[in-house]
Amino acid sequence: MKTVAFITLGCKVNQYETNAMTQQFIERGYKVVEHTEKAEIYIVNTCTVTNMSDRKSRQMLRRVKELNKEAIVVACGCYAQVAKEELEKIEEINLVLGNNEKKDIVEHVEKYIESNIPEVQTEDVMNQREFIEFGDITFTEKTRAVIKIQDGCDRFCSYCIIPYARGRVRSRKPEHILSEIQKIAKEGIKEVVITGIHIASYGKDFKKEYRLIDLLEEMNEIEGIERIRLGSIEPLLITGEFVDRLKKLSKICHQFHLSLQSGCDETLKRMNRRYTTEQFKEITELLRKAFEDAILTTDIIVGFPGENEEEFEKTYTFLQKINFYKMHVFKYSPRKGTKAAVMPNQIDGNQKEERSRRLIELSNKNEKAYNKKYIGKEVEVLFEEEKHGVWQGHTKNYILAHYQTEKNMENKIVTLKCIGAEEEYIIVD
(Lines give C-alpha, C1' and ligand atoms only; values in the text may rest on other atoms or scores of the structure.)
Protein backbone atom coordinates (compact mmCIF):
# COMPACT_ATOMS: atom_id res chain seq x y z
CA MET A 1 0.00 0.00 0.00
CA LYS A 2 1.56 3.29 -1.10
CA THR A 3 1.55 6.19 1.38
CA VAL A 4 0.47 9.74 0.54
CA ALA A 5 0.56 12.93 2.62
CA PHE A 6 -1.08 16.31 2.05
CA ILE A 7 -0.15 19.88 2.94
CA THR A 8 -2.82 22.52 2.42
CA LEU A 9 -2.09 26.24 2.27
CA GLY A 10 -4.62 29.05 2.04
CA CYS A 11 -8.39 29.16 2.14
CA LYS A 12 -11.23 26.81 3.05
CA VAL A 13 -11.83 26.10 -0.65
CA ASN A 14 -8.33 24.59 -0.80
CA GLN A 15 -9.03 22.62 2.38
CA TYR A 16 -12.26 21.30 0.87
CA GLU A 17 -10.45 20.25 -2.30
CA THR A 18 -7.63 18.58 -0.36
CA ASN A 19 -10.24 16.49 1.40
CA ALA A 20 -11.67 15.51 -1.99
CA MET A 21 -8.22 14.51 -3.27
CA THR A 22 -7.61 12.55 -0.08
CA GLN A 23 -10.78 10.55 -0.65
CA GLN A 24 -9.70 9.81 -4.22
CA PHE A 25 -6.43 8.29 -3.02
CA ILE A 26 -8.13 6.28 -0.26
CA GLU A 27 -10.62 4.85 -2.76
CA ARG A 28 -7.67 3.71 -4.94
CA GLY A 29 -6.05 1.84 -2.04
CA TYR A 30 -3.50 4.38 -0.83
CA LYS A 31 -2.76 4.98 2.85
CA VAL A 32 -2.92 8.61 3.99
CA VAL A 33 -0.30 9.68 6.57
CA GLU A 34 0.57 12.98 8.27
CA HIS A 35 2.75 15.32 6.22
CA THR A 36 5.36 15.26 9.00
CA GLU A 37 5.82 11.52 8.43
CA LYS A 38 7.81 9.73 5.75
CA ALA A 39 5.55 9.19 2.73
CA GLU A 40 6.04 7.99 -0.83
CA ILE A 41 3.93 10.83 -2.27
CA TYR A 42 3.54 14.38 -0.99
CA ILE A 43 0.77 16.60 -2.38
CA VAL A 44 1.17 20.33 -1.63
CA ASN A 45 -2.05 22.23 -2.37
CA THR A 46 -0.60 25.71 -2.88
CA CYS A 47 -1.88 29.25 -2.35
CA THR A 48 -0.92 32.44 -4.20
CA VAL A 49 -2.98 35.17 -2.56
CA THR A 50 0.18 37.00 -1.34
CA ASN A 51 3.94 36.88 -1.92
CA MET A 52 4.17 35.25 1.51
CA SER A 53 1.82 32.49 0.30
CA ASP A 54 4.07 31.88 -2.71
CA ARG A 55 7.15 31.70 -0.50
CA LYS A 56 5.47 29.32 1.95
CA SER A 57 4.35 27.10 -0.93
CA ARG A 58 7.93 26.86 -2.23
CA GLN A 59 9.28 26.16 1.27
CA MET A 60 6.83 23.31 1.83
CA LEU A 61 7.59 21.76 -1.55
CA ARG A 62 11.29 21.68 -0.72
CA ARG A 63 10.82 20.63 2.91
CA VAL A 64 8.87 17.44 2.22
CA LYS A 65 11.70 16.09 0.04
CA GLU A 66 13.93 16.21 3.13
CA LEU A 67 11.65 13.63 4.78
CA ASN A 68 12.06 11.21 1.87
CA LYS A 69 14.51 11.96 -0.93
CA GLU A 70 12.84 9.29 -3.09
CA ALA A 71 9.32 10.72 -2.64
CA ILE A 72 7.14 11.96 -5.49
CA VAL A 73 6.39 15.64 -4.84
CA VAL A 74 3.29 17.20 -6.43
CA ALA A 75 2.58 20.94 -6.54
CA CYS A 76 -1.07 21.68 -7.28
CA GLY A 77 -3.54 24.51 -6.75
CA CYS A 78 -3.44 28.26 -7.21
CA TYR A 79 0.31 28.96 -7.12
CA ALA A 80 0.90 26.03 -9.46
CA GLN A 81 -1.78 27.46 -11.76
CA VAL A 82 -0.19 30.90 -12.17
CA ALA A 83 3.53 30.19 -11.68
CA LYS A 84 4.27 26.89 -13.39
CA GLU A 85 7.49 28.31 -14.90
CA GLU A 86 8.85 29.10 -11.42
CA LEU A 87 7.93 25.67 -10.07
CA GLU A 88 9.45 23.85 -13.05
CA LYS A 89 12.83 25.17 -11.87
CA ILE A 90 12.55 23.55 -8.43
CA GLU A 91 14.26 20.19 -8.86
CA GLU A 92 12.47 18.63 -5.88
CA ILE A 93 9.10 18.82 -7.70
CA ASN A 94 7.99 15.96 -9.95
CA LEU A 95 4.50 17.12 -10.96
CA VAL A 96 2.96 20.59 -11.37
CA LEU A 97 -0.83 20.50 -11.66
CA GLY A 98 -3.33 23.36 -11.85
CA ASN A 99 -6.72 23.65 -10.20
CA ASN A 100 -8.69 21.73 -12.86
CA GLU A 101 -6.25 18.83 -12.65
CA LYS A 102 -7.10 18.14 -8.98
CA LYS A 103 -10.10 16.05 -10.03
CA ASP A 104 -7.78 13.55 -11.77
CA ILE A 105 -4.82 13.77 -9.43
CA VAL A 106 -4.50 10.01 -8.82
CA GLU A 107 -4.27 9.38 -12.59
CA HIS A 108 -1.53 12.01 -12.94
CA VAL A 109 0.46 10.50 -10.06
CA GLU A 110 0.11 6.93 -11.34
CA LYS A 111 1.11 8.01 -14.84
CA TYR A 112 4.29 9.47 -13.33
CA ILE A 113 4.95 6.29 -11.33
CA GLU A 114 4.81 4.29 -14.59
CA SER A 115 6.80 6.67 -16.80
CA ASN A 116 9.04 8.55 -14.35
CA ILE A 117 8.61 11.56 -16.67
CA PRO A 118 7.95 14.92 -14.89
CA GLU A 119 4.70 16.57 -15.92
CA VAL A 120 3.48 20.17 -15.95
CA GLN A 121 -0.23 20.48 -16.69
CA THR A 122 -2.26 23.58 -15.93
CA GLU A 123 -5.35 23.78 -18.09
CA ASP A 124 -6.45 27.38 -18.79
CA VAL A 125 -9.09 27.95 -16.10
CA MET A 126 -10.43 30.96 -17.97
CA ASN A 127 -12.00 28.55 -20.46
CA GLN A 128 -13.71 26.52 -17.74
CA ARG A 129 -17.46 27.19 -17.75
CA GLU A 130 -18.84 24.36 -15.59
CA PHE A 131 -18.39 23.74 -11.88
CA ILE A 132 -16.14 20.71 -11.37
CA GLU A 133 -17.79 18.21 -9.04
CA PHE A 134 -15.68 16.10 -6.71
CA GLY A 135 -18.78 14.26 -5.51
CA ASP A 136 -20.27 14.57 -2.03
CA ILE A 137 -16.93 15.11 -0.30
CA THR A 138 -17.04 17.32 2.76
CA PHE A 139 -14.25 19.10 4.61
CA THR A 140 -15.08 18.86 8.32
CA GLU A 141 -13.63 21.10 11.02
CA LYS A 142 -14.33 19.40 14.36
CA THR A 143 -18.10 19.88 14.59
CA ARG A 144 -18.78 21.93 11.46
CA ALA A 145 -18.68 21.06 7.79
CA VAL A 146 -17.41 23.30 4.99
CA ILE A 147 -19.46 23.21 1.78
CA LYS A 148 -18.04 24.57 -1.47
CA ILE A 149 -20.86 26.10 -3.52
CA GLN A 150 -18.99 27.87 -6.33
CA ASP A 151 -15.61 28.56 -7.89
CA GLY A 152 -14.03 31.51 -9.69
CA CYS A 153 -14.43 35.29 -9.56
CA ASP A 154 -15.35 37.92 -12.17
CA ARG A 155 -14.49 41.02 -10.12
CA PHE A 156 -10.83 41.54 -11.11
CA CYS A 157 -9.82 43.81 -8.24
CA SER A 158 -6.59 45.50 -9.26
CA TYR A 159 -4.49 43.82 -6.52
CA CYS A 160 -5.84 40.27 -6.88
CA ILE A 161 -4.41 37.32 -8.83
CA ILE A 162 -7.16 34.88 -7.85
CA PRO A 163 -9.40 35.29 -10.95
CA TYR A 164 -6.40 34.19 -13.03
CA ALA A 165 -5.80 31.22 -10.73
CA ARG A 166 -9.45 30.19 -10.40
CA GLY A 167 -11.14 31.44 -13.56
CA ARG A 168 -14.65 32.81 -14.07
CA VAL A 169 -17.63 32.21 -11.79
CA ARG A 170 -19.03 28.67 -11.93
CA SER A 171 -21.84 27.74 -9.56
CA ARG A 172 -22.51 24.29 -8.20
CA LYS A 173 -25.96 22.86 -8.88
CA PRO A 174 -28.25 23.40 -5.88
CA GLU A 175 -29.42 19.78 -5.85
CA HIS A 176 -25.81 18.60 -5.36
CA ILE A 177 -25.25 21.05 -2.52
CA LEU A 178 -28.50 20.16 -0.76
CA SER A 179 -27.82 16.43 -1.15
CA GLU A 180 -24.40 16.84 0.46
CA ILE A 181 -25.84 18.82 3.38
CA GLN A 182 -28.56 16.21 3.95
CA LYS A 183 -25.85 13.54 4.25
CA ILE A 184 -23.91 15.76 6.66
CA ALA A 185 -27.00 16.22 8.82
CA LYS A 186 -27.44 12.42 9.06
CA GLU A 187 -23.86 12.20 10.38
CA GLY A 188 -24.83 14.44 13.29
CA ILE A 189 -22.94 17.55 12.22
CA LYS A 190 -24.87 20.63 13.35
CA GLU A 191 -23.18 23.50 11.51
CA VAL A 192 -22.31 24.10 7.87
CA VAL A 193 -20.08 26.87 6.52
CA ILE A 194 -20.78 28.12 3.01
CA THR A 195 -17.58 28.73 1.11
CA GLY A 196 -16.35 29.51 -2.40
CA ILE A 197 -14.08 31.99 -4.14
CA HIS A 198 -16.84 34.63 -4.45
CA ILE A 199 -20.06 33.25 -2.94
CA ALA A 200 -21.97 36.48 -3.57
CA SER A 201 -21.85 35.58 -7.29
CA TYR A 202 -23.52 32.23 -6.71
CA GLY A 203 -26.08 31.51 -9.43
CA LYS A 204 -25.16 34.35 -11.79
CA ASP A 205 -24.08 31.78 -14.40
CA PHE A 206 -27.38 29.84 -14.22
CA LYS A 207 -29.93 30.31 -16.99
CA LYS A 208 -32.75 30.12 -14.44
CA GLU A 209 -32.95 32.89 -11.82
CA TYR A 210 -31.56 31.27 -8.67
CA ARG A 211 -29.18 33.08 -6.33
CA LEU A 212 -27.50 32.64 -2.95
CA ILE A 213 -30.56 33.65 -0.93
CA ASP A 214 -32.68 31.01 -2.73
CA LEU A 215 -30.10 28.37 -1.81
CA LEU A 216 -29.98 29.52 1.82
CA GLU A 217 -33.77 29.32 2.10
CA GLU A 218 -33.69 25.69 0.94
CA MET A 219 -30.80 24.86 3.25
CA ASN A 220 -32.69 26.31 6.19
CA GLU A 221 -35.35 23.60 5.74
CA ILE A 222 -32.94 20.66 6.13
CA GLU A 223 -33.58 18.77 9.37
CA GLY A 224 -30.61 18.17 11.67
CA ILE A 225 -28.61 21.20 10.59
CA GLU A 226 -28.89 23.89 13.26
CA ARG A 227 -26.49 26.55 12.05
CA ILE A 228 -25.66 27.95 8.61
CA ARG A 229 -22.63 30.23 8.51
CA LEU A 230 -21.69 32.39 5.55
CA GLY A 231 -18.08 32.69 4.45
CA SER A 232 -16.64 36.00 3.25
CA ILE A 233 -19.21 37.98 1.28
CA GLU A 234 -19.11 40.85 -1.18
CA PRO A 235 -20.67 43.92 0.51
CA LEU A 236 -22.91 44.68 -2.48
CA LEU A 237 -24.70 41.36 -1.96
CA ILE A 238 -26.39 42.96 1.06
CA THR A 239 -29.54 44.70 -0.15
CA GLY A 240 -32.82 45.44 1.63
CA GLU A 241 -34.51 42.49 -0.10
CA PHE A 242 -31.64 40.11 0.72
CA VAL A 243 -31.70 41.08 4.42
CA ASP A 244 -35.51 40.88 4.63
CA ARG A 245 -35.37 37.29 3.38
CA LEU A 246 -32.28 36.40 5.39
CA LYS A 247 -33.68 37.47 8.76
CA LYS A 248 -36.55 34.99 8.35
CA LEU A 249 -34.07 32.09 8.34
CA SER A 250 -33.74 30.76 11.88
CA LYS A 251 -30.51 28.84 11.24
CA ILE A 252 -28.43 31.68 9.78
CA CYS A 253 -25.52 32.70 12.01
CA HIS A 254 -25.40 36.42 12.71
CA GLN A 255 -21.73 36.85 11.84
CA PHE A 256 -21.00 38.59 8.56
CA HIS A 257 -17.53 38.88 7.08
CA LEU A 258 -17.73 41.85 4.71
CA SER A 259 -14.54 42.34 2.76
CA LEU A 260 -13.96 46.13 2.89
CA GLN A 261 -10.20 46.40 2.00
CA SER A 262 -10.02 50.19 2.52
CA GLY A 263 -11.99 52.92 4.26
CA CYS A 264 -10.96 55.58 1.74
CA ASP A 265 -12.94 56.15 -1.47
CA GLU A 266 -9.88 57.14 -3.51
CA THR A 267 -8.08 53.93 -2.52
CA LEU A 268 -11.17 51.81 -3.18
CA LYS A 269 -11.39 53.25 -6.69
CA ARG A 270 -7.76 52.31 -7.46
CA MET A 271 -8.45 48.85 -6.05
CA ASN A 272 -11.41 48.49 -8.45
CA ARG A 273 -13.75 47.80 -5.56
CA ARG A 274 -17.26 48.68 -6.72
CA TYR A 275 -18.72 50.48 -3.72
CA THR A 276 -18.06 53.66 -1.77
CA THR A 277 -17.54 54.02 1.97
CA GLU A 278 -21.01 55.57 2.24
CA GLN A 279 -22.59 52.54 0.55
CA PHE A 280 -20.62 50.24 2.84
CA LYS A 281 -21.77 52.15 5.92
CA GLU A 282 -25.41 51.79 4.80
CA ILE A 283 -24.88 48.04 4.35
CA THR A 284 -23.59 47.67 7.92
CA GLU A 285 -26.58 49.64 9.20
CA LEU A 286 -28.96 47.33 7.32
CA LEU A 287 -27.42 44.27 8.97
CA ARG A 288 -27.29 45.75 12.46
CA LYS A 289 -30.89 46.86 12.24
CA ALA A 290 -32.01 43.36 11.14
CA PHE A 291 -29.84 41.41 13.60
CA GLU A 292 -29.38 42.93 17.06
CA ASP A 293 -26.45 40.64 17.87
CA ALA A 294 -24.78 40.95 14.44
CA ILE A 295 -21.01 40.68 14.50
CA LEU A 296 -19.21 42.27 11.57
CA THR A 297 -15.67 41.32 10.61
CA THR A 298 -13.60 42.43 7.64
CA ASP A 299 -10.36 42.36 5.65
CA ILE A 300 -8.21 45.46 5.25
CA ILE A 301 -5.19 46.03 3.01
CA VAL A 302 -2.67 48.64 4.18
CA GLY A 303 0.00 50.21 2.00
CA PHE A 304 -1.84 49.90 -1.30
CA PRO A 305 -0.03 51.85 -4.07
CA GLY A 306 -0.73 55.57 -3.69
CA GLU A 307 -2.11 55.25 -0.14
CA ASN A 308 -0.56 58.36 1.42
CA GLU A 309 -0.93 59.38 5.07
CA GLU A 310 -4.16 61.29 4.39
CA GLU A 311 -5.77 58.28 2.73
CA PHE A 312 -4.68 55.95 5.53
CA GLU A 313 -6.09 58.32 8.16
CA LYS A 314 -9.40 58.33 6.29
CA THR A 315 -9.38 54.53 6.51
CA TYR A 316 -8.53 54.60 10.21
CA THR A 317 -11.32 57.08 10.99
CA PHE A 318 -13.83 55.09 8.95
CA LEU A 319 -12.90 51.86 10.74
CA GLN A 320 -13.39 53.56 14.10
CA LYS A 321 -16.83 54.66 12.95
CA ILE A 322 -17.91 51.22 11.68
CA ASN A 323 -16.54 49.51 14.81
CA PHE A 324 -15.87 46.02 13.44
CA TYR A 325 -15.62 43.18 15.93
CA LYS A 326 -12.42 41.98 14.28
CA MET A 327 -10.28 43.06 11.33
CA HIS A 328 -7.89 40.86 9.39
CA VAL A 329 -5.11 43.21 8.34
CA PHE A 330 -2.88 42.50 5.33
CA LYS A 331 0.12 44.47 4.13
CA TYR A 332 -0.21 45.02 0.39
CA SER A 333 1.78 42.47 -1.58
CA PRO A 334 2.41 43.11 -5.32
CA ARG A 335 1.17 40.23 -7.48
CA LYS A 336 2.82 39.86 -10.87
CA GLY A 337 0.15 40.05 -13.59
CA THR A 338 -2.15 42.44 -11.71
CA LYS A 339 -2.71 46.14 -12.45
CA ALA A 340 -1.67 47.23 -8.96
CA ALA A 341 1.78 45.67 -9.33
CA VAL A 342 2.77 48.29 -11.92
CA MET A 343 1.02 51.27 -10.30
CA PRO A 344 3.20 54.23 -9.29
CA ASN A 345 3.80 55.27 -5.67
CA GLN A 346 4.42 51.84 -4.15
CA ILE A 347 4.55 52.13 -0.37
CA ASP A 348 7.61 51.57 1.80
CA GLY A 349 7.65 48.39 3.90
CA ASN A 350 8.17 50.27 7.17
CA GLN A 351 5.07 52.37 6.52
CA LYS A 352 3.05 49.23 5.84
CA GLU A 353 4.31 47.73 9.10
CA GLU A 354 3.34 50.77 11.15
CA ARG A 355 -0.12 51.05 9.57
CA SER A 356 -0.71 47.35 10.10
CA ARG A 357 0.29 47.67 13.77
CA ARG A 358 -2.16 50.52 14.35
CA LEU A 359 -5.08 48.65 12.78
CA ILE A 360 -4.33 45.44 14.67
CA GLU A 361 -4.32 47.43 17.91
CA LEU A 362 -7.70 48.93 17.00
CA SER A 363 -9.07 45.48 16.14
CA ASN A 364 -7.92 43.99 19.46
CA LYS A 365 -9.41 46.91 21.37
CA ASN A 366 -12.76 46.50 19.56
CA GLU A 367 -12.87 42.76 20.19
CA LYS A 368 -12.21 43.08 23.92
CA ALA A 369 -14.77 45.89 24.33
CA TYR A 370 -17.39 43.88 22.46
CA ASN A 371 -16.74 40.75 24.50
CA LYS A 372 -17.17 42.70 27.75
CA LYS A 373 -20.70 43.68 26.68
CA TYR A 374 -21.72 40.03 26.99
CA ILE A 375 -20.90 39.69 30.69
CA GLY A 376 -24.10 38.73 32.52
CA LYS A 377 -25.90 37.70 29.32
CA GLU A 378 -26.89 34.21 28.20
CA VAL A 379 -25.31 32.85 25.04
CA GLU A 380 -25.83 29.70 22.98
CA VAL A 381 -22.55 27.85 22.35
CA LEU A 382 -21.71 24.97 20.02
CA PHE A 383 -18.74 23.24 21.66
CA GLU A 384 -15.98 21.88 19.46
CA GLU A 385 -12.92 20.74 21.38
CA GLU A 386 -11.30 20.48 24.80
CA LYS A 387 -7.89 21.97 25.58
CA HIS A 388 -6.25 21.67 29.01
CA GLY A 389 -9.54 20.97 30.76
CA VAL A 390 -11.36 23.85 29.08
CA TRP A 391 -14.02 23.27 26.41
CA GLN A 392 -14.01 25.72 23.52
CA GLY A 393 -16.81 26.59 21.16
CA HIS A 394 -18.50 29.45 19.37
CA THR A 395 -21.66 31.41 19.87
CA LYS A 396 -24.06 31.74 16.95
CA ASN A 397 -22.45 35.07 16.06
CA TYR A 398 -19.01 33.44 16.28
CA ILE A 399 -17.58 34.65 19.57
CA LEU A 400 -15.13 32.14 21.00
CA ALA A 401 -16.32 30.83 24.38
CA HIS A 402 -14.38 28.95 27.11
CA TYR A 403 -16.15 26.63 29.56
CA GLN A 404 -14.33 24.82 32.36
CA THR A 405 -16.07 21.49 32.94
CA GLU A 406 -15.30 17.79 33.21
CA LYS A 407 -18.34 16.90 31.08
CA ASN A 408 -17.90 15.85 27.45
CA MET A 409 -19.31 18.82 25.52
CA GLU A 410 -18.26 17.88 21.97
CA ASN A 411 -20.85 18.82 19.33
CA LYS A 412 -23.34 19.96 21.99
CA ILE A 413 -25.25 23.23 21.77
CA VAL A 414 -25.83 24.65 25.25
CA THR A 415 -27.10 27.98 26.58
CA LEU A 416 -24.83 29.35 29.33
CA LYS A 417 -24.17 32.67 31.05
CA CYS A 418 -21.14 34.79 30.19
CA ILE A 419 -19.21 35.43 33.44
CA GLY A 420 -16.06 37.02 32.05
CA ALA A 421 -14.36 38.40 28.96
CA GLU A 422 -10.84 38.44 27.60
CA GLU A 423 -9.42 39.98 24.44
CA GLU A 424 -10.05 36.90 22.27
CA TYR A 425 -12.82 35.02 24.07
CA ILE A 426 -15.58 35.06 26.65
CA ILE A 427 -15.88 32.79 29.69
CA VAL A 428 -19.17 30.97 30.23
CA ASP A 429 -20.67 28.91 33.06
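Every value quoted in this text rests on a predicted model; they were computed, and no experiment measured them.

## Some words on the sheet that holds strand β20 (residues 426-428)
If you walk around this closed barrel you meet the 5 strands as β16-β17-β18-β20-β19, and the pairing is mixed. The average undirected angle you get between the axes of adjacent strands in this sheet is 50°. Strand direction decides the pairing type here: strand β18 (residues 400-404) and β20, joined by 2 bridges, are parallel. Bridging from a neighbouring strand, His402 pairs with Ile427 of β20.

## Brief notes about the packing of helix α7 (residues 174-186) against helix α8 (residues 212-219)
The interhelical angle for the contact between α7 and α8, taken along N-to-C directions, is 30°, at an axis separation of 11 Å. With respect to α8, the axis of α7 lies roughly parallel. Every pair of crossing elements has a handedness; the one defined by α7 and α8 is right-handed. When α7 is examined against α8, the residues Pro174, Ile177, Leu178 and Ile181 are found in contact with a partner set consisting of Leu215, Glu218 and Met219. For the contact of α7 with α8, a count of residues per class yields 6 nonpolar, no polar and 1 charged.

## Considerations on α7
Between its first and last C-alpha, α7 extends 19 Å over 13 residues, near the 18 Å set by a 1.5 Å rise per residue. Considered for burial, the residues of α7 that qualify are Pro174, Ile177, Leu178, Glu180, Ile181, Ile184 and Ala185. Across the axial projection of α7, the buried residues extend over an arc of 160°, all falling on one side. On the buried face of α7, the contacting elements are α1 (12-27), β8 (144-148), β11 (191-195) and α8. Of the residues one or two after α7, Gly188 is the one with positive phi, at around 90°.

## Regarding unusual backbone geometry
Of note, Gln261 is a non-glycine position whose phi angle comes to about 80°, a positive value. Turning to its location among the elements, Gln261 is positioned in the loop between β13 (255-257) and α10 (265-271). With a phi close to 65°, Asn272 is a non-glycine residue in the positive phi region. Here Asn272 is to be found in the loop between α10 and α11 (277-290). Taking relative accessible area as the criterion, Asn272 reaches 33% and is therefore assigned partly exposed.

## Some points on the sheet that holds strand β4 (residues 72-77)
Taken together, 6 strands build an open sheet; the order of strands is β2-β1-β3-β4-β5-β6 and the sheet is parallel. Two strands lie at the open edges of the sheet, namely β2 (31-32) and β6 (119-121), each paired on one side alone. Two elements, strand β3 (residues 41-46) and β4, share 6 bridges in a ladder whose sense is parallel. Note on β4: the bridge partner recorded for Tyr42 is Val73. Against the sheet, helix α2 (residues 51-67) touches β1 (3-8), β3 and β4, its axis set at about 170° to β3.

## Examining the pairing of β4
β4 sits mainly inside the fold: 6 of its 6 residues count as buried. Considered for its hand, the β-α-β crossover made up of β3, α2 and β4 is right-handed. Relative to strand β5 (residues 95-97), β4 is paired through 3 bridges, and the arrangement is parallel. Bridge pairing in β5 places Val74 opposite Leu95.

Rules used in this analysis
Residues numbered from 1 in each chain as written. Predicted model: local features only at pLDDT ≥ 70, side-chain atom pairs only at ≥ 80, totals over all residues. Heavy atoms only, no water. Pairing = 2+ DSSP bridges. Helix = DSSP H or I, 4+ residues; strand = E, 2+ residues; numbered from the N terminus. Axes fitted to C-alpha atoms, helices over the stretch in contact; angles between N-to-C directions. Parallel < 35°, antiparallel > 145°, perpendicular 65-115°, else oblique. Left-handed = near helix turned anticlockwise from the far one by under 90°. Contact = heavy atoms within 4.5 Å. Nonpolar A, V, L, I, M, F, W, Y, C, P; charged D, E, K, R; others polar. Expected span 1.5 Å × (residues − 1). Buried < 20%, exposed > 50% of the residue type's maximum accessible area, 1.4 Å probe, protein only. Arc of directions from axis to C-beta. Right-handed = clockwise from strand over helix to strand, strands pointing away.

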